[in-house]
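Close look at the chain arrangement
Each chain, written out:
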Amino acid sequence: MILIGLDPAFRENGFAAAIYDPSDKDEPLRFIVFHDTVSFIGWAQNDAPDRAFVYVENSNLDAAVYHLTLRMNARQAAAIGVAVGKNQAVSQLAVDLLRRKYGKDYVAEIAPNKKGGKVYARAVAMVDVLELTKAKPTERVAKALKSEDCRSALMMLMRAKSQWRLKEMIYGVSL
């Protein structure tokens, strides 16, 4: 079973995916940082695995605008609102596109306020890689984990792993 964790973002080089393919003996875990949304769409339509279970952080499930303070002026508050709106749109686009590709039962989503803290320490991510792959992180994986976007994608991948295990145990499903 191929598992994918996705952290969509509407900014250059901020949209990341963590992909775990246990059948790939050379590189079972890899990361992709998409240059932009169009790059993600191209990958999803042409290069993504034919079958997978995906877990997506979907900002569109939150109505909140984060980090607003009383000291902000209207321009600053509006800029944050616009950025949040862009991420909500691209997150929902990713979920919709992946559900069209894999089917509703193979794409799970979570609101940012439900996923836990924004900070996912690199040391914790390294432990998760060890748990997932049963090996130390490769040089390429260790480099990817320096990026908060890749760590967030890995967090979604670990949720995909847990959710997929539950589906297998409860419903007897498999890819």
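Structure: see above.
Scope of this entry: the structure provided in the associated data block. The shown structure was predicted, so the numbers you read here are calculated from the model rather than taken from an experiment.

**Looking at helix α1 (residues 37-47)**
When we look at burial in α1, the residues that qualify are T37, F40, W43 and A44. The buried residues of α1 all sit within an arc of 120° when viewed along its axis, so they share a single face. Those residues of α1 that are exposed and aimed more than 90 degrees away from the buried face are V38, Q45, N46 and D47. Looking at where α1 begins, the residue whose side-chain oxygen comes 3.3 Å from the main-chain nitrogen of V38 is D36.

**Examining the sheet that holds strand β3 (residues 29-34)**
Spatial strand order, β3-β2-β1-β4-β5: five strands in an open sheet with mixed pairing. Bordering the open sheet on either side are β3 and β5 (107-110), each of which pairs with just one other strand. Sheet twist, expressed as the average angle between the axes of neighbouring strands with direction ignored, equals 15°. Pairing between strand β1 (residues 3-7) and strand β2 (residues 15-20): five bridges, direction antiparallel. Looking at the pairing, L3 lines up with Y20 of β2. Strands in contact with α1 are β1, β2 and β3; relative to β3, the strand with the most contacts, it is inclined by about 135°.

**Comments concerning the side chain of E57**
Considering the arrangement of structural elements, one finds E57 in strand β4 (residues 53-57). Of the polar contacts made by the side chain of E57, one reaches the side chain of K115; its length is 2.8 Å. Among all residues touching E57, those that are not within four sequence positions of it are L6, D7, P8, S91, I110, P112, K115, S152 and M156.

**Looking at the pairing of β2**
Counting buried positions over the six residues of β2 gives six, a clear majority of the element. The side-chain alternation of β2 yields two buried faces, one formed by F15, A17 and I19 and the other by A16, A18 and Y20. Strand direction decides the pairing type here: β2 and β3, joined by six bridges, are antiparallel. Residue I19 lies in a different strand from β3, and its bridge partner there is R30.

**Quick notes on the packing of aromatic side chains**
One pass over the structure, following the stated rule, counts seven aromatic pairs. Pairing F15 with F40 gives two aromatic rings, centres 4.6 Å apart and planes at 20°, and the pair type is stacked. Taken together, the residues F15 in strand β2 and F40 in helix α1 connect sequence positions 25 residues apart. On the numbers, 5.4 Å between centres and 55° between planes, the contact of F34 with W43 is tilted. Like F34, the residue W43 is buried in the burial classification.

**Some details on the pattern of salt bridges**
For the structure on display, the rule yields five salt bridges. K161 is paired through a salt bridge with E131; the nearest N and O atoms lie 2.8 Å apart. A residue pair is termed long-range when its members are at least 10 positions apart, and K161 in helix α6 (residues 148-171) and E131 in helix α4 (residues 122-133) qualify at 30 residues. Given the relative accessible area of 38%, E131 is considered partly exposed.

Here is what the cut-offs are and how they apply
Residues numbered from 1 in each chain as written. Predicted model: local features only at pLDDT ≥ 70, side-chain atom pairs only at ≥ 80, totals over all residues. Heavy atoms only, no water. Buried < 20%, exposed > 50% of the residue type's maximum accessible area, 1.4 Å probe, protein only. Helix = DSSP H or I, 4+ residues; strand = E, 2+ residues; numbered from the N terminus. Arc of directions from axis to C-beta. Polar contact = N/O pair within 3.5 Å; in protein donor to acceptor, adjacent residues only side chain to side chain. Pairing = 2+ DSSP bridges. Axes fitted to C-alpha atoms, helices over the stretch in contact; angles between N-to-C directions. Contact = heavy atoms within 4.5 Å. Phe/Tyr/Trp six-rings, centres within 6.5 Å; stacked < 30°, edge-to-face > 60°. Salt bridge = Lys/Arg side-chain N within 4 Å of Asp/Glu carboxyl O.

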